[in-house]
Amino acid sequence: MAGLEIRELEAFLVLAEELHFGRAGERLYVSQSRISQLLRSLEGRIGAPLVERTSRRVALTPLGASFLASLRPAYEALRAAVDETRAAARSADGVLRIGFQGALDDRSARAVALFEERRPACAIEMAEIALSDPFGPVRRKEVDCAVVLLPVEEEDLVLGPVFSRQPQTLVLSVRHPLAGRESVSAEELADCRLIGVRDSAPGYWRRAQAPRETPGGLPIPAGPLVDTLQEGLSLAAADRGALLLCRSTAEHHDRRRSLAFVPVRGLPDSFLGLVRRRGDASPQARAFARAVEEVLAGEVPAGETE
């Protein structure tokens, strides 16, 4: 069972309740195809089907029903243990769990240092957030807040502050015809296959990171889809497509000899924003948001705050 992911078990448990891939995806804030992917992975580890799928119905196999009966109490006990320990930690000096997409930029690092200076007894945990799941860790309470790429149009999340305005950079294989250019125009993206993000991320967000057409209306060919930044960089290095990144993230990876980093003219700038759960954000998350605002010192207007 090496490598077993808790999301595989969650997907199976919710699917067993809903017996519908679409509704299970809605509950977990992922796509129907992602539920299928997680289930196939779990069934591969088990070595037999857990769910019967036809065009008309979804049902548990006998083995799936037996597995459900054993898994549910174990999963509930595990979740209760995590919740109890988390509550105990917060009742003391607390823990702040921050998620990040891509590299930790200078402003975020200074905000972390300022928070630690003011709350030395509060432990800070950091986690990388997959490109394909920008908002899920916050919703699932895996992190208290997250620094993610904009846009953010989620009604259950609070956005703010907004920072790190950066021009966009095209990441290509050094073998690509555009690799030696000092810069490229947004219209020249029509000559590239843009690497996109898998459809577990919201459609509007995926299209912002990998647009389907240039500002002038030329279609941009679609490249392969990825879950993580490292997958995207590896595919770009293999000349399977090009990747759009903000300048600071591109500069963090510019030591890779197999990649070229070319500024793009004519695209909207990239922004990062801090997101929290609406209504139940922890005091630590609110304090970190204030630290970010102070570090910014008015460089970019803050987003919505509570």
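Preceding block: the structure.
Please read all numbers here as calculations on a predicted model, not as lab measurements.

Caption draft 1: Molecular detail of the overall build of the chain. Along its length, the chain carries 10 helices and 13 strands. Computed over its C-alpha atoms, the radius of gyration of the chain comes to 21 Å, within 12% of the 19 Å expected for a compact globule of 306 residues. Taken over the C-alpha atoms alone, the chain extends approximately 60 × 50 × 35 Å along its principal axes. Every one of the 306 residues in the chain was classed for burial, and the buried ones make up 48%. Restricting the contact set of the chain to residue pairs at least 6 apart, pairs at least 24 apart contribute 75%. Of the roughly 15000 Å² of accessible surface on the chain, a fraction of 51% belongs to carbon and sulfur atoms.

Caption draft 2: Here's a closer look at the layout of surface pockets. When its volume is computed, the largest pocket comes out at roughly 1200 Å³. Taken together, 40 residues make up the lining of the largest pocket; nearest its centre are Ile6, Arg7, Glu10, Arg140 and Glu142. It is helix α4 (residues 62-91) that provides the largest number of residues to the lining of the largest pocket, a total of 8 residues. Of the residues assigned to the lining of the largest pocket, the class counts are 17 nonpolar, 3 polar and 20 charged. By volume, the second largest pocket is sized at about 450 Å³. The wall of the second largest pocket is formed by 31 residues, among which Leu149, Gln168, Gln209, Leu244 and Ser270 lie closest to the centre. Contributions of two or more residues to the lining of the second largest pocket are made by β9 (194-197), α7 (203-209), β11 (243-246), α9 (247-252) and β13 (270-277). If one sorts the elements of the lining of the second largest pocket by residue count, β11 sits on top with 4 residues. Looking at the lining of the second largest pocket, its residues break down into 21 nonpolar, 8 polar and 2 charged.

Caption draft 3: Region of the structure containing a nonpolar patch on the surface. Where nonpolar side chains cluster on the molecular surface, the patch consists of Ile6, Leu78 and Val82 and spans about 230 Å² of accessible area. Mapping Val82 onto the fold places it in helix α4. Given the relative accessible area of 38%, Val82 is considered partly exposed.

Caption draft 4: Quick look at the packing of aromatic side chains. For the structure shown, the criterion picks out 2 aromatic pairs. Seen in terms of ring centroids, Phe115 and Phe288 are 6.3 Å apart; in terms of plane orientation they differ by 75°. Their pairing is edge-to-face. Highlighted residues: Phe115 in helix α5 (residues 106-118) and Phe288 in helix α10 (residues 283-296), separated in sequence by 173 residues. The same class applies to Phe115 as to Phe288, namely buried.

Caption draft 5: Seen up close, the side chain of Ser164. By secondary structure assignment, the location of Ser164 is in strand β6 (residues 157-166). With residues up to four places along the chain from it excluded, the contact list for Ser164 reads Asp105, Arg107, Ser248, Ser270, Phe271 and Leu272.

Caption draft 6: The arrangement of the environment of Phe67 in detail. Mapped onto the elements of the fold, Phe67 is located in helix α4. Put simply, Phe67 and Phe288 are 221 residues apart on the chain and 42 Å apart in space, counted from C-alpha to C-alpha. If we ignore the near neighbours within four places in the chain, the residues touching Phe67 are Leu9, Phe12, Leu42, Ile46 and Leu50.

Caption draft 7: Structural view of the sheet that holds strand β8 (residues 184-185). The sheet built from 4 strands is open, its strands ordered β8-β12-β7-β11 with mixed pairing. Where the open sheet ends on each side, the last strands, each with one partner, are β8 and β11. Strand direction decides the pairing type here: strand β7 (residues 168-173) and β11, joined by 4 bridges, are antiparallel. Looking at β11, one finds that Leu170 is bridged to Leu244.

Caption draft 8: Focus on the sheet that holds β6. Read from one edge to the other, the open sheet built from 5 strands follows the order β4-β3-β5-β13-β6, with strand pairing classed as mixed. In this open sheet, the two edge strands, each paired with only one partner strand, are β4 (123-128) and β6. In this sheet, neighbouring strand axes are inclined to one another by 20° on average, regardless of whether the strands run parallel or antiparallel. Strand direction decides the pairing type here: strand β3 (residues 95-100) and strand β5 (residues 145-149), joined by 3 bridges, are parallel. When the bridges of β5 are listed, Gly99 appears paired with Ala146. Across the sheet, α10 is in contact with β3, β5, β6 and β13; its angle to β6 comes to roughly 30°.

Quick notes on the rules
Residues numbered from 1 in each chain as written. Predicted model: local features only at pLDDT ≥ 70, side-chain atom pairs only at ≥ 80, totals over all residues. Heavy atoms only, no water. Helix = DSSP H or I, 4+ residues; strand = E, 2+ residues; numbered from the N terminus. Rg over C-alpha atoms; globule rule 2.2 N^0.38 Å. Buried < 20%, exposed > 50% of the residue type's maximum accessible area, 1.4 Å probe, protein only. Contact = heavy atoms within 4.5 Å. Areas by Shrake-Rupley, 256 points an atom, 1.4 Å probe, with all protein chains shown as cover. 1 Å grid on protein atoms, 1.4 Å probe; cavity = no way out; pocket = protein on both sides within 12 Å on 5 of 7 lines; lining within 4 Å. Points joined across faces, edges and corners; volume = space filled by probe spheres on them. Nonpolar A, V, L, I, M, F, W, Y, C, P; charged D, E, K, R; others polar. Patch = residues over 30% accessible without salt bridge, like charges linked within 9 Å, V, L, I, M, F, W, Y side chains within 5 Å. Salt bridge = Lys/Arg side-chain N within 4 Å of Asp/Glu carboxyl O. Phe/Tyr/Trp six-rings, centres within 6.5 Å; stacked < 30°, edge-to-face > 60°. Pairing = 2+ DSSP bridges. Axes fitted to C-alpha atoms, helices over the stretch in contact; angles between N-to-C directions.

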